[in-house]
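Analysis of the macromolecular model
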Amino acid sequence: MPRVEYTNFFKAGVLGVYKRLADGHATNFVQSRPRLADITDWLSSPRREAAILAFRESAYSKKPGRVVKRVSKYVRPAFDVVHLAQWDKVMKAVFAVRLASVRETDVFAMHADEEKVFSERSVIISDLLLLSASNDFSAKISISANISHHTISRLLERGASNPELIEGDVLEILQQARALRDFLSSRSDHSLTKLKDGMTYDLIVPYRDGALILRTLRINAAQQSFFSSPMPVFSVRTYLDKSMLSDRQYARMEGFRLSRDPLISNDDCQHTLAWLKKNAEETDPRRRLVVE
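Residues numbered from 1 in each chain as written. Predicted model: local features only at pLDDT ≥ 70, side-chain atom pairs only at ≥ 80, totals over all residues. Heavy atoms only, no water.

1. Details of helix 5 (residues 67-75)
Threshold: Burial status follows relative accessibility: with a 1.4 Å probe on protein chains alone, a residue under 20% of its type maximum counts as buried, one over 50% as exposed, and anything between as partly exposed. Secondary structure elements are taken from DSSP: a helix is a run of H or I of four residues or more, a strand is a run of E of two residues or more, and numbering for both begins at the N terminus. Think of the arc as the fan of directions from the helix axis to the C-beta atoms.
Burial in helix 5 covers these residues: Val67, Val71, Ser72 and Val75. Looking straight down helix 5, one finds that the buried residues subtend no more than 110° of arc, so they occupy a single side.

Dropping the structure here:
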């Protein structure tokens, strides 16, 4: 069915029946994703060690050859296939990306204690990186962004997506959230912004004709190996269409641009840092959004 037909259908979201329909599609999407448990189980399985061994053996080759095929068969079911990131004298690396569902995501505030704020259904983006550089090998899994069931439902209800396109749209959103979070975490001078360790912030990021609300949170704190302390997970909390945005929110978003080039210019760096400082607002992690 064409996108416009779904869009018109879900635009009537003020009626409870359409909200329930959007919620149902969101639930189906979350439940259709592989489980996060598939990844955590793989971490302690012989298949993880086999994948690392296959990569180490391949890394001695000058050309990538069959490395993708060799490693991919051992990363399942946690990941589907690995992709070639770089293969030269300086560095050899492969990566994999997976959207996974978490039926009950425990959400924690950014301060040091382990006080749980709430639990929710969500989809996370998980990244696997196998890397060889200067005869050193490393294998890393990271989770840097998630999107709540609530947000997926609002994307559908408010016409920003449809059931046929939601998987690609969620991937795009989580990649953008990850890029923003990873950009911040990779800058040694990120303290130039007002983002401080142990604080929770809301960001508003333009998306389609509206905006996404992102919040800095910690999720599933028991899985400490997933997270690079003290950087938070960027959690996508809701989608607002243009009719719901205030002049002040538009002002906060003005000038947004995010380079995904690995070689970021100093101008781009300073621009993004200044945008983050203008955009981010400290919040209580327990506070519900006024407009959801």
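Let us keep going from here.
2. Here's the deal with the side chain of Ser72
Short version of the rule: Polar contacts, as counted here, are pairs of nitrogen or oxygen atoms within 3.5 Å of one another; within protein the pair requires one atom able to donate a hydrogen and one able to accept it, and residues that are adjacent in sequence qualify only if both atoms are side-chain atoms. Contacts are assigned to residue pairs with any non-hydrogen atoms lying within 4.5 Å of each other.
Topologically, Ser72 is positioned in helix 5. On the basis of relative accessibility, which here comes to 4%, the residue Ser72 falls in the buried class. Among the polar contacts made by the side chain of Ser72, one reaches the main-chain carbonyl oxygen of Val68 at a distance of 2.6 Å. Those residues within four positions of Ser72 in sequence are excluded, and the remaining contacts are Asp80, Val81 and Val82.

3. Let's talk about empty space enclosed by the protein
The test is simple: For cavity detection a 1 Å grid was placed over the protein atoms alone, and a set of points counts as a cavity when a 1.4 Å probe fits there but cannot get out; an open set counts as a pocket when protein lies on both sides within 12 Å along at least five of seven lines, with lining residues being those that have an atom within 4 Å of a point. Grid points are joined across faces, edges and corners, and a volume is the space filled by probe spheres set on the points.
Under the definition given, this model contains three cavities of 30 Å³ or more. Lining the second largest cavity are Ile173, Gln176, Ala177, Leu180, Val205, Leu212, Leu214 and Val236. Elements with a contribution of two residues or more to the lining of the second largest cavity: helix 7 (166-186) and strand 6 (210-219). For the lining of the second largest cavity, the element with the highest residue contribution is helix 7, accounting for four residues.

4. Observations regarding a positive patch on the surface
The condition that has to hold: What goes into a patch is any residue over 30% in relative accessible area without a salt bridge, connected to like charges within 9 Å or, for nonpolar side chains (Val, Leu, Ile, Met, Phe, Trp, Tyr), within 5 Å. What sets the accessible areas is the Shrake-Rupley method with a 1.4 Å probe; for residues, cover comes only from the shown protein chains. The term salt bridge refers to a side-chain nitrogen of Lys or Arg lying within 4 Å of a carboxyl oxygen of Asp or Glu. By the counting scheme adopted, Arg and Lys are positive, Glu and Asp are negative, and His together with the chain ends is not counted. Charge coordinates come from a single atom per side chain, which is NZ of Lys, CZ of Arg, CG of Asp or CD of Glu.
Among the surface-exposed residues, Arg66, Lys69, Arg70 and Lys73 lie close enough to one another that they form a single positively charged patch. Tracing the backbone shows Lys73 in helix 5.

5. Topic: the packing of helix 4 (residues 46-58) against helix 5
For any two helices packed against each other, one specifies the inter-axial angle together with the distance between the axes. Spelled out, the test is: Where helices are involved, their axes are fitted lines through C-alpha atoms of the stretch in contact, as for all axes, and angles between N-to-C directions lie from 0 to 180°. Any angle that falls under 35 degrees is termed roughly parallel, while one over 145 is termed roughly antiparallel, one within 65 to 115 roughly perpendicular, and all others oblique.
Running from amino to carboxyl end, helix 4 crosses helix 5 at an angle of 170°, the nearest separation of the two axes being 8 Å. Between helix 4 and helix 5, the angle is such that the two are roughly antiparallel. In this structure, helix 4 contributes Arg47, Ala50, Ala51, Ala54, Phe55 and Ser58 to the contact, and helix 5 contributes Val67, Arg70, Val71, Lys73, Tyr74 and Val75.

6. Thoughts on the packing of aromatic side chains
Our working rule: Any Phe, Tyr or Trp ring, taking Trp's six-membered ring, that has another such ring centre within 6.5 Å forms a pair; planes under 30 degrees apart are called stacked, those over 60 apart edge-to-face, and the others tilted.
Across all of its chains, the model carries six aromatic pairs by this definition. Relative to Phe137, the ring of Phe55 lies with its centre 6.4 Å away and its plane at 85°, an arrangement referred to as edge-to-face. Taken together, the positions of Phe55 in helix 4 and Phe137 in strand 4 (residues 136-148) put the pair 82 residues apart, joining distant regions of the chain. Using a relative accessible area of 2% as the deciding quantity, one classes Phe55 as buried. Here the aromatic rings of Phe256 and Trp275 are separated by 4.7 Å at their centres, their planes lie at 55°, and the arrangement is tilted. Here Trp275 lies in helix 9 (residues 266-279) and Phe256 lies in the loop between helix 8 (247-253) and helix 9, a separation of 19 residues in the sequence.

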